[in-house]
Amino acid sequence: MPSARLLVLFGSQTGTAQDVSERLGREARRRQLSCRVEALDSYPVVNLINEPVVIFVCATAGQGDPPDNMKSFWRFIFRRSLPSTALRQMDFAVLGLGDSSYAKFNFVAKKLHRRLLQLGGSALLPVCLGDDQHELGPDAAIDPWLQDLWEKVLGPHPVPLNLDLMWPWGGTHPWPSKFTLQFLKDTPTSGPEELCVAGTDPQGPPSELQPFLAPMVSNQRVTGPSHFQDVRLIEFDISGSGMSFVAGDVVLIQPENTASHVQQFCQVLGLDPEQHFTLQPREPGVTCPARLPQPCSMRRLVSQYLDIASVPRRSFFELLACLSPHELEREKLREFSSARGQEELCEYCTRPRRTAWRWVLCDFPHTAAAIPPDYLLDLLPLIRPRAFSIASSLRAHPSRLQILVAVVQYRTRLREPRRGLCSSWLASLDPVQGPVRVPLWVRSGGLTFPKTPDVPVIMVGPGTGVAPFRAVIQERVAQGETGNVLFFGCRRRDQDFYWEAEWEQLQARGCLTLVTAFSREQEQKLYVQHRLRALGPLVWELLDGRGAHFYLAGNAKYMPADVCDTLLSIFREEGGLSGPDATAYLAQLQRTRRFQTETWA
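Residues numbered from 1 in each chain as written. Predicted model: local features only at pLDDT ≥ 70, side-chain atom pairs only at ≥ 80, totals over all residues. Heavy atoms only, no water.

### Things to note about the UniProt feature "binding site: NADP(+)" (unreviewed entry) in the protein
Reasoning step 1: In the numbering used here, UniProt assigns the "binding site: NADP(+)" (unreviewed entry) feature to Thr-464, Ser-519, Arg-520, Lys-525, Leu-526, Tyr-527, Val-528, Gln-529 and Asp-562.
Reasoning step 2: Within the secondary structure, Ser-519 sits in the loop between β20 (513-518) and α17 (528-534).
Reasoning step 3: Judged by relative accessible area, Ser-519 falls into the buried class, the value being 4%.
Reasoning step 4: If we ignore the near neighbours within four places in the chain, the residues touching Ser-519 are Cys-490, Arg-491, Gln-524, Lys-525, Leu-526 and Tyr-527.
Reasoning step 5: Mapping Lys-525 onto the fold places it in the loop between β20 and α17.
Reasoning step 6: Exposure remark for Lys-525: the relative accessible area of 42% places this residue in the partly exposed category. (UniProt positions renumbered as here; feature names shortened; annotations may be inferred. Helix = DSSP H or I, 4+ residues; strand = E, 2+ residues; numbered from the N terminus. Buried < 20%, exposed > 50% of the residue type's maximum accessible area, 1.4 Å probe, protein only. Contact = heavy atoms within 4.5 Å.)

So, in structure tokens, the structure goes:
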């Protein structure tokens, strides 16, 4: 008989690791295993010594960082005081989720796997390395790994699958929803449906549970009218918020779905937007979404909490298949949620970025009409906050916070262009037409800058990657520090040269060395790495002679690798280092945090 104690712990930044963990829980219960699924920082980590089998599902965030909801666990598990036999009773497996376009691909999962071995744990399997870049996504690695996992966990005595938990129309009922929605007969005369404004709370500064409703001061397009992309400089008034930040920090913004999308979603599912309800968890230990008011209207739930604009994951189709009363639709949904159907699901949903409400539910109308409201929070993820580099310094702009936002819009083979939820929502807000408030809060970022006076900094920030460097330049100039070298790249000077006048004024004052690369203004494209190489002697002198720090921010696709290759060539040609010594020199800069990056896919 299989062990009755299986624990799945996850560290998730965007929700994918949590989704995979919940899938693990369902598959465990189908195999008659008792399984708990918890976020790593919600679990009392000292209890690990009593757990016989633990599956860790970990995403890698940023540049090899653990997700926010496992940082406390991360600090604890790497304490040097932990004995090498601490976890000798524990069998474990680690499933990683990452993106191979980043240098530290699945760094968290690999490092955790090694650490658990050091503490005496026994690995059931090699670490699984899920890759967003694979044609079929992370499931290409996860599916075969899970087959091996269940063979290891169940050992020589596998149990029959409980198919009723998967395909209830061939059996009894779908697995229970996490919550029940208890609809109210009467609309509350005054409901607590306004977000709390932080800043007067003595418990601390604004946070995800209590964001600050910041007045939007301005929302200005800063790209030319003929430029292919709409980029906005947005300013907020944070007076009285209790927020403080330094260069390199980020602001998190909680977006909303558009009113038209909310209305159409409710029509497809037959929901009354004005209906109010209270939410009740089905099982002890399960908590309701922290920011959701009680009672709540369906309009509020759909507009501010459910991510109806997301591209649905495999679990979405699995649950829809369980709920579908229509034979043909049910068979197609089953196929999409099976291992053999992943290529077809990728072609149908992932590649064209087909969203849940606009396309999928409309393609399965009989199923959509039969979805019980209780299952809304099982089907759809919650809207997650979006992080933006802060592009201003409180020294230069007291009580203000500025961000640079590229409005995401691109075409797939679907007839409507795909739009980013948060950037499109922010672009639609116009403080000139009336007061606008945006829920936000601040957290520490991945970039830290030298506190020692007179240490030069070299910054490479093409496009919107320049945003965090504007904050640090403003901060350093206010402190009288002049060793600021900025490499900025864009397409054309007259279309997307952000803060041109500001940079040129600082350069005229001797506070900044500005190096530009306008890629489309000559026959052969010119990028920041070309300008970096042309100034190789200066770069080498600053790094090796004056102890400069080097920073890189921007798109992760090609630019970071190209810049690193350029640095290696500078180390060889200007510093006289051999190939291996140049590589070691760059690695030393990274280890000592004199080389830092902030990139995004």
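### Quick word on the environment of Asn-257
Reasoning step 1: With respect to the helices and strands, the residue Asn-257 is situated in the loop between β10 (250-253) and α5 (259-269).
Reasoning step 2: For Asn-257, a relative accessible area of 5% corresponds to the buried category.
Reasoning step 3: Note: C-alpha distance between Asn-257 and Val-302 (45 residues apart in sequence) is 7.5 Å.
Reasoning step 4: Filtering out sequence-adjacent residues up to four positions away, Asn-257 remains in contact with Val-262, Val-302, Ser-303, Leu-306, Ile-308, Ala-309, Ile-383 and Leu-421.
Reasoning step 5: In terms of polar contacts, Asn-257 uses its side chain to reach the backbone carbonyl oxygen of Val-302, at 2.8 Å. (Polar contact = N/O pair within 3.5 Å; in protein donor to acceptor, adjacent residues only side chain to side chain.)

### With respect to the packing of helix α8 (residues 327-337) against helix α9 (residues 342-350)
Reasoning step 1: Their axes nearest at 7 Å, the elements α8 and α9 cross at an angle of 105°. By the angle class used here, α8 and α9 are roughly perpendicular. In contact with Lys-332, Glu-335, Phe-336 and Ser-337 of α8, α9 contributes Gln-342, Glu-344, Leu-345 and Tyr-348.
Reasoning step 2: A class-by-class count of the residues in the contact of α8 with α9 yields three nonpolar, two polar and three charged. (Axes fitted to C-alpha atoms, helices over the stretch in contact; angles between N-to-C directions. Parallel < 35°, antiparallel > 145°, perpendicular 65-115°, else oblique. Nonpolar A, V, L, I, M, F, W, Y, C, P; charged D, E, K, R; others polar.)

### Observations regarding the environment of Pro-537
Reasoning step 1: If you trace the backbone, Pro-537 turns up in helix α18 (residues 536-546).
Reasoning step 2: Looking at Pro-537, the relative accessible area reads 46%, which means it is partly exposed.
Reasoning step 3: Separated by 433 residues in the primary sequence, Pro-537 and Lys-104 have C-alpha atoms spaced 29 Å apart.

### What to know about the packing of aromatic side chains
Reasoning step 1: Scanning the entire structure with this criterion turns up 16 aromatic pairs.
Reasoning step 2: Ring centres 6.2 Å apart and planes at 70° place the aromatic pair Phe-183 and Phe-277 in the edge-to-face group. Of this pair, Phe-183 sits in strand β7 (residues 179-183) while Phe-277 sits in strand β11 (residues 276-281), placing them 94 residues apart in sequence.
Reasoning step 3: Taking the relative accessible area as the measure of exposure, Phe-277 reaches 0% and is therefore buried.
Reasoning step 4: Considering the side-chain rings of Phe-317 and Tyr-348, the 6.4 Å spacing of their centres and the 75° angle between planes classify their relative orientation as edge-to-face. Of the two residues, Phe-317 is situated in helix α7 (residues 314-323) and Tyr-348 in helix α9; the sequence distance between them amounts to 31 residues.
Reasoning step 5: Given the relative accessible area of 0%, Phe-317 is considered buried.
Reasoning step 6: Take Tyr-348: its relative accessible area is 14%, and that puts it in the buried class.
Reasoning step 7: Taking the ring centre of Phe-107 as reference, the NZ or CZ of Lys-104 above it sits at 5.0 Å.
Reasoning step 8: Note that Lys-111 overlies the ring of Phe-78, its terminal NZ or CZ placed 5.0 Å from the centroid. (Phe/Tyr/Trp six-rings, centres within 6.5 Å; stacked < 30°, edge-to-face > 60°. Lys NZ or Arg CZ within 6 Å of the ring centre and 35° of its normal.)

### Thoughts on the nonpolar core
Reasoning step 1: In this structure, Phe-265, Leu-301, Phe-316 and Phe-317 are the most contacted members of the largest nonpolar core, which totals 43 residues.
Reasoning step 2: With seven residues, the single largest contributor to this core is α7.
Reasoning step 3: Not counting chain neighbours up to four residues away, the residues in contact with Phe-317 comprise Pro-312, Leu-333, Phe-336, Ser-337, Leu-345, Tyr-348, Cys-349 and Val-360.
Reasoning step 4: Formed by 30 residues, the second largest nonpolar core is a distinct cluster that contains Ala-247, Val-466, Val-472 and Leu-514. (Core = buried A, V, L, I, M, F, W, Y, C linked by side-chain atoms within 4.5 Å.)

### So, the sheet that holds strand β18 (residues 457-460)
Reasoning step 1: In space, the five strands of this open sheet follow the order β20-β19-β18-β21-β22, with parallel pairing throughout. Only two strands of the sheet have a single partner each, and these edge strands are β20 and β22 (595-600). Across the sheet, the axes of successive neighbouring strands diverge by a mean angle of 10°, strand direction being ignored.
Reasoning step 2: Where strand β19 (residues 484-490) and β20 come together, six bridges link them in parallel fashion. Looking across to β20, one finds that Gly-489 is bridged to Ala-517.
Reasoning step 3: Across the face of the sheet, α18 comes into contact with β18, β19 and β21 (549-555) while running at roughly 135° to β18.
Reasoning step 4: Here helix α19 (residues 559-573) sits on the sheet and contacts β18, β21 and β22; the angle it forms with β21, its principal contact strand, is near 150°. (Pairing = 2+ DSSP bridges.)

### Some thoughts on the domain arrangement of the protein
Reasoning step 1: According to the domain assignment, the protein contains domain 1 (5-155), domain 2 (212-254 + 385-443), domain 3 (259-379) and domain 4 (457-599).
Reasoning step 2: Domain 2 and domain 3 are separated by 28 Å when their C-alpha centres are compared.
Reasoning step 3: Taken together, the contacts link 10 residues of domain 2 with 15 residues of domain 3.
Reasoning step 4: Interface of domain 2 and domain 3: buried area, both sides summed, is about 1000 Å²; carbon and sulfur atoms make up 46% of it.
Reasoning step 5: Considering only the surface of domain 2 that becomes buried against domain 3, Arg-413, Leu-414 and Arg-418 emerge as the three largest contributors, covering 53% of it.
Reasoning step 6: One can count zero salt bridges joining domain 2 with domain 3.
Reasoning step 7: Connecting domain 2 to domain 3 are zero residue pairs in polar contact (both at pLDDT 80 or more).
Reasoning step 8: In the side of domain 2 that touches domain 3, the residues fall into three nonpolar, two polar and five charged. (Domains from an automatic or database assignment. Buried area = accessible area lost by both parts, 1.4 Å probe. Salt bridge = Lys/Arg side-chain N within 4 Å of Asp/Glu carboxyl O.)

### Here we look at unusual backbone geometry
Reasoning step 1: Of note, the bond from Gln-294 into Pro-295 is cis; its omega dihedral lies within 30 degrees of zero at -5°.
Reasoning step 2: With respect to the helices and strands, Pro-295 occurs in the loop between β11 and β12 (296-297).
Reasoning step 3: A positive phi angle is found at Gln-32, which is not glycine, with a value near 65°.
Reasoning step 4: Residue placement: Gln-32 occurs in the loop between α1 (16-30) and β2 (35-39).
Reasoning step 5: Residues other than glycine seldom take positive phi values, yet Arg-593 does so here, at roughly 65°.
Reasoning step 6: Turning to its location among the elements, Arg-593 is positioned in the loop between α20 (579-591) and β22.
Reasoning step 7: Among the residues examined, Arg-593 registers a relative accessible area of 41% and is labelled partly exposed.

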